[in-house]
6 protein chains.
Amino acid sequence: MANVRVTRRVHWNSGHRLYRPDWTDEKNQEVFGACANPYGHGHNYEMDVTVAGAIDPETGYVLDLKVLKDLVEDRILSHLDHRNLNVEVPWLEGLNPTTENLVVAIWRRLEDHLPAGVVLERLVLWETPRNYVEYTGG
Amino acid sequence: MANVRVTRRVHWNSGHRLYRPDWTDEKNQEVFGACANPYGHGHNYEMDVTVAGAIDPETGYVLDLKVLKDLVEDRILSHLDHRNLNVEVPWLEGLNPTTENLVVAIWRRLEDHLPAGVVLERLVLWETPRNYVEYTGG
Amino acid sequence: MANVRVTRRVHWNSGHRLYRPDWTDEKNQEVFGACANPYGHGHNYEMDVTVAGAIDPETGYVLDLKVLKDLVEDRILSHLDHRNLNVEVPWLEGLNPTTENLVVAIWRRLEDHLPAGVVLERLVLWETPRNYVEYTGG
Amino acid sequence: MANVRVTRRVHWNSGHRLYRPDWTDEKNQEVFGACANPYGHGHNYEMDVTVAGAIDPETGYVLDLKVLKDLVEDRILSHLDHRNLNVEVPWLEGLNPTTENLVVAIWRRLEDHLPAGVVLERLVLWETPRNYVEYTGG
Amino acid sequence: MANVRVTRRVHWNSGHRLYRPDWTDEKNQEVFGACANPYGHGHNYEMDVTVAGAIDPETGYVLDLKVLKDLVEDRILSHLDHRNLNVEVPWLEGLNPTTENLVVAIWRRLEDHLPAGVVLERLVLWETPRNYVEYTGG
Amino acid sequence: MANVRVTRRVHWNSGHRLYRPDWTDEKNQEVFGACANPYGHGHNYEMDVTVAGAIDPETGYVLDLKVLKDLVEDRILSHLDHRNLNVEVPWLEGLNPTTENLVVAIWRRLEDHLPAGVVLERLVLWETPRNYVEYTGG
């Protein structure tokens, strides 16, 4: 059967600031600018979660999108939505929550939890409508 | 000359339901949920048709987009727009009209009809603003 | 307190065809064109539901958007989503499901069900990304 | 000369949480749900600033959009962008930063600062792609 | 019958520059900035054409959208698309092609050409995704 | 460290016409249609500039997006915005300004100017909301 890629787009809101606790405030401000402001800001994140696999000849699906939606809800959105990424997410602990670090951390939370025969293919994470990061593993 | 990819985005509306005639209603409802509802529903489909080729040094085009637009109109949109995908499209006969099956069937209708030197590279088919399927052949 | 308008955007999919059972097939085709095709087609509907009221000085809300979301889910989306508008919705019975008729019928289902002090102000209903209808009552 | 409305769309990011310091944590959680989470979250805000006036027969403009853009930058965006709305904005002090309260506070910062002959007509403020608030004064 | 508003969104591309032939180049540059550059630039214009009227109880339409689409094509798009607004459009002659002047000129081309019982209600014209002008007559 | 792709979306407006000076007007019109109209038209161009590299373990960035934004502003936007692509851009001289030719010329202006360790990965250039061209080098 043909191999296709299936995507579910999801949405959530988080707070964060970019900074390293081992740097001075001046150094953080110099490197991260307004993103280091101490009281934090936040974003409406959009993410495209793409999986790949053969079409099941019985159903015509690669996978039931409800399975993918529930997986992302359970392992990602329920942890990040309306949360502060610097202090409330155990699996982001010690990471500066840039879009780059965030997309890789999300990948690691998802890659081994897909149904048999389906692989995680690509994540695209928008921090704003003009900036986004893609990760395909590796 | 440089090899680039050129995309035309198209739009149409169809009706469908997901079900297998060889399954009971209960089994269809269990596997496809509301998508199996007997009177059918429908979608505003959006599709990006991407072709690849060398830029023609004479025109600066890979191909005249009007050629691509007319091809997609003739072989795809005129068959699907304002039609029911379960019963009105001979080349979908016997297929459960999931987005996955639909994108592969569209690929097969287009791949051998492009001008010389131009290949079909990728189809991206949105069933809703949050769900889409990609196919690159193979 | 200031009077403001608050909007929730919702999304659903339905099937329909435009036709009058008291007209011949030829007359339906002449007036409604491809929209009258007998096996039906469908749409991804988007709707902006706008309510107006004074800001509650205690909460800073006109109303909790969850109340509005649940009301629209209960009285509209649960009836229309993945349904055929010609045959499966009792409160659309006898209506030709044009966008105009649909938006007025939805208005009537919502206007008397809002919390005290909040009024229905405007509905905007997109049938496709290029066509929409607005209703403000009256 | 004809009277028209001219809009500039702007974008910024802020952090916030919804809560009242005079309520218990339990009461805040009950009324504002996840929006009351203590470490805060944030949004990519989009706002349409609409002004009205007669077309200047000399320039063909109601006003130079650069004037409007600079005014919004100076009086609004430079105060809100990458800031926490609960603690860093003097003119929001004492306000619970709901979208409703925010749009009214922004109106009051802009209404008396437009060039002669131009009036503030409407603000539309999106907190997420699915929720927005409009204010027209009064 | 209920009175509703129906909108068709249209798209075209034009070239233009902002300048007054009776001003010096310096004065044009001072007032219109880069928009006065002598070789011109252009835009992908988007316009929402909104009409209002009672729903026809026979068809469920305010008007057949094909009639509106053909009217806009005939009286507006066929004159503006792929044209230079400074020199190729007789009904824009002598006008500086700002978005404000353009929307009023388009209104005057459409207002008396609608079917009986239908009135032109509103035009919204986007020059860029961040700037738009609205006109409602008067 | 993980290798990710980072994208900045940019926007500008230009004027152009498609034609070859060594062809007759008739031949230009025959091949390029309305795009060859002698007074020119124009577009709101959108472009996604994607770079790839390892995440810097110190900052959590592949690169500071401000560096990418300034590079694109300096080498591309300041040359193209509000300019005519046929006559005002030295590095497009002698090129018919099709989207294909434009994206390759932009690639060549950017590829050797990125910070060490970062490579240009992909350009996607929209000429209209329905037509776009991608280039990945080679």
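Residues numbered from 1 in each chain as written. Chains lettered and ligands numbered in written order. Predicted model: local features only at pLDDT ≥ 70, side-chain atom pairs only at ≥ 80, totals over all residues. Heavy atoms only, no water.

Novice: Would you mind going over the side chain of Glu127 of chain E with me for this structure?
Specialist: Position of Glu127 of chain E among the secondary structure elements: in strand 4 (residues 119-128). At 8.5 Å, Arg8 of chain D is the nearest oppositely charged side chain to Glu127 of chain E, a buried residue that forms no salt bridge. Only 3.0 Å separates the side chain of Glu127 of chain E from the side chain of Thr99 of chain E, close enough to count as a polar contact. Among all residues touching Glu127 of chain E, those that are not within four sequence positions of it are His16, His43, Asn44, Tyr45 and Thr99 of chain E together with Asn44 of chain F. (Helix = DSSP H or I, 4+ residues; strand = E, 2+ residues; numbered from the N terminus. Buried < 20%, exposed > 50% of the residue type's maximum accessible area, 1.4 Å probe, protein only. Lys, Arg positive; Asp, Glu negative; His and termini not counted. Salt bridge = Lys/Arg side-chain N within 4 Å of Asp/Glu carboxyl O. Polar contact = N/O pair within 3.5 Å; in protein donor to acceptor, adjacent residues only side chain to side chain. Contact = heavy atoms within 4.5 Å.)

Novice: How should the interface of chain D and chain E be read in this particular structure?
Specialist: Accessible area lost upon the coming together of the parts is a frequently used measure of interface size. With 24 residues of chain D in contact, the opposing surface of chain E contributes 20 residues. Counting the surface lost from both chain D and chain E, the interface buries some 1,800 Å², and carbon and sulfur atoms represent 43% of this. When the area that chain D buries against chain E is broken down by residue, the three leading residues are Arg5, Arg9 and Tyr61 of chain D, summing to 30%. Summed over the shared surface of chain D and chain E, the result is three salt bridges. With a shortest N-O distance of 3.5 Å, Glu46 of chain D and Arg130 of chain E are connected by a salt bridge. Only strand 1 (3-16) and strand 2 (41-54) of chain D provide two or more residues apiece to the side of chain D that touches chain E. Residue contributions to the side of chain D that touches chain E peak at nine residues, all from strand 1 of chain D. Per-class residue counts for the side of chain D that touches chain E are ten nonpolar, six polar and eight charged. (Buried area = accessible area lost by both parts, 1.4 Å probe. Nonpolar A, V, L, I, M, F, W, Y, C, P; charged D, E, K, R; others polar.)

Novice: Is there a simple way to think about the interface of chain A and chain D in this case?
Specialist: Contacts between the two partners involve 22 residues from chain A and, on the opposite side, 22 residues from chain D. Of the roughly 1,700 Å² buried at the junction of chain A and chain D (both faces included), carbon and sulfur atoms supply 54%. The largest contributions to the chain A side of the interface with chain D come from Tyr39, Asn44 and His82 of chain A, which together make up 34% of the buried area. Here chain A is connected to chain D by zero salt bridges.

Novice: Teacher, can you tell me more about the packing of helix 2 (residues 65-80) of chain F against helix 3 (residues 99-110) of chain F here?
Specialist: Working note: a packed helix pair is described by the angle between its axes plus the distance between those axes. All names here are of chain F. Between helix 2 and helix 3, the least distance of the axes is 10 Å, while the angle of their chain directions is 140°. When the axes of helix 2 and helix 3 are compared, the pair comes out oblique. As helix 2 packs across helix 3, the resulting crossing turns out to be right-handed. The segment helix 2 lies against helix 3, with Leu71, Val72, Arg75, Ile76, His79 and Leu80 engaging Leu102, Ile106, Arg109 and Leu110. Each residue belonging to the contact of helix 2 with helix 3 can be placed in one class, and the counts come to seven nonpolar, one polar and two charged. (Axes fitted to C-alpha atoms, helices over the stretch in contact; angles between N-to-C directions. Parallel < 35°, antiparallel > 145°, perpendicular 65-115°, else oblique. Left-handed = near helix turned anticlockwise from the far one by under 90°.)

Novice: I would appreciate a short explanation of unusual backbone geometry in the present structure.
Specialist: Excluding glycine, most residues fall at negative phi; most peptide bonds, likewise, are trans. Residues and elements named next belong to chain A. Phi at His82 takes a positive value of approximately 60°, unusual for a residue other than glycine. Mapped onto the elements, His82 comes out in the loop between helix 2 (65-80) and strand 3 (83-84). For His82, a relative accessible area of 12% puts it in the buried group.

Novice: Can you walk me through the packing of aromatic side chains in this structure?
Specialist: To describe a pair of aromatic rings, you give the distance between the ring centres and the angle between the ring planes. By the definition in use, this model includes 30 aromatic pairs over all chains. On the basis of an interplanar angle of 75° and a centroid distance of 5.5 Å, the ring pair of Tyr61 of chain B and Phe32 of chain F is categorised as edge-to-face. Highlighted residues: Tyr61 of chain B in the loop between strand 2 (41-54) and helix 2 (65-80) and Phe32 of chain F in helix 1 (residues 25-32), drawn from two different chains. Assigned by exposure class, Tyr61 of chain B and Phe32 of chain F land together as buried. (Phe/Tyr/Trp six-rings, centres within 6.5 Å; stacked < 30°, edge-to-face > 60°.)

Novice: Sorry, what's going on with the side chain of His41 of chain D here?
Specialist: By the element assignment, His41 of chain D lies in strand 2. His41 of chain D has contacts with Asn13, Ser14, Gly15, His41, His82 and Arg83 of chain A together with Ser14, Gly15, His16, Arg17 and Cys35 of chain D, leaving out every residue within four places of it along the chain.

Novice: Can you walk me through the arrangement of the chains in this structure?
Specialist: No interface is formed between chain A and chain C, the nearest pair of C-alpha atoms being 14 Å apart. Regarding chain C and chain F, the two do not touch, and the least distance separating their C-alpha atoms is 12 Å.

Novice: Looking at this structure, I do not really get the pattern of salt bridges. What am I missing?
Specialist: A side chain of one charge can pair with a side chain of the opposite charge if their charged atoms are brought near each other. Per the counting criterion, the structure on display carries 48 salt bridges over all chains. Each of Arg5, Glu121 and Arg122 of chain A together with Glu134 of chain B takes part in salt bridges that share partners, so that together they form one network.

Novice: Even after reading the chapter, I still don't get the confidence of the model for chain A, so can you show me in this structure?
Specialist: Residues shown with low pLDDT carry predicted positions that ought not to be read at fine detail. Confidence along chain A averages 97 in pLDDT terms, with 100% of residues attaining 70 or more. Taken together, the chains of this predicted complex give a pTM of 0.97 and an interface ipTM of 0.95. (pLDDT = per-residue confidence, 0-100.)

Novice: Looking at this model, I keep getting lost on the relation of the copies chain D and chain E. Mind explaining?
Specialist: Put simply, the second copy of the chain is the first one after a rotation about an axis and a shift along it. Of the transformation superimposing chain D on chain E, the axial component is 0.0 Å and the angular component is 120°, with the fit at an RMSD of 0.0 Å. Viewed as a symmetry operation, the transformation between the two copies matches a three-fold axis. (Least-squares fit on C-alpha atoms with pLDDT ≥ 70 in both.)

Novice: What exactly am I supposed to notice about the relation of the copies chain A and chain D here?
Specialist: Once turned by 180° and shifted 0.0 Å along the axis, chain A lies on chain D with an RMSD of 0.0 Å. Such a turn and shift between the copies fits a two-fold axis. A share of 100% of interface residues in chain A that are also interface residues in chain D marks the association as one of identical surfaces.

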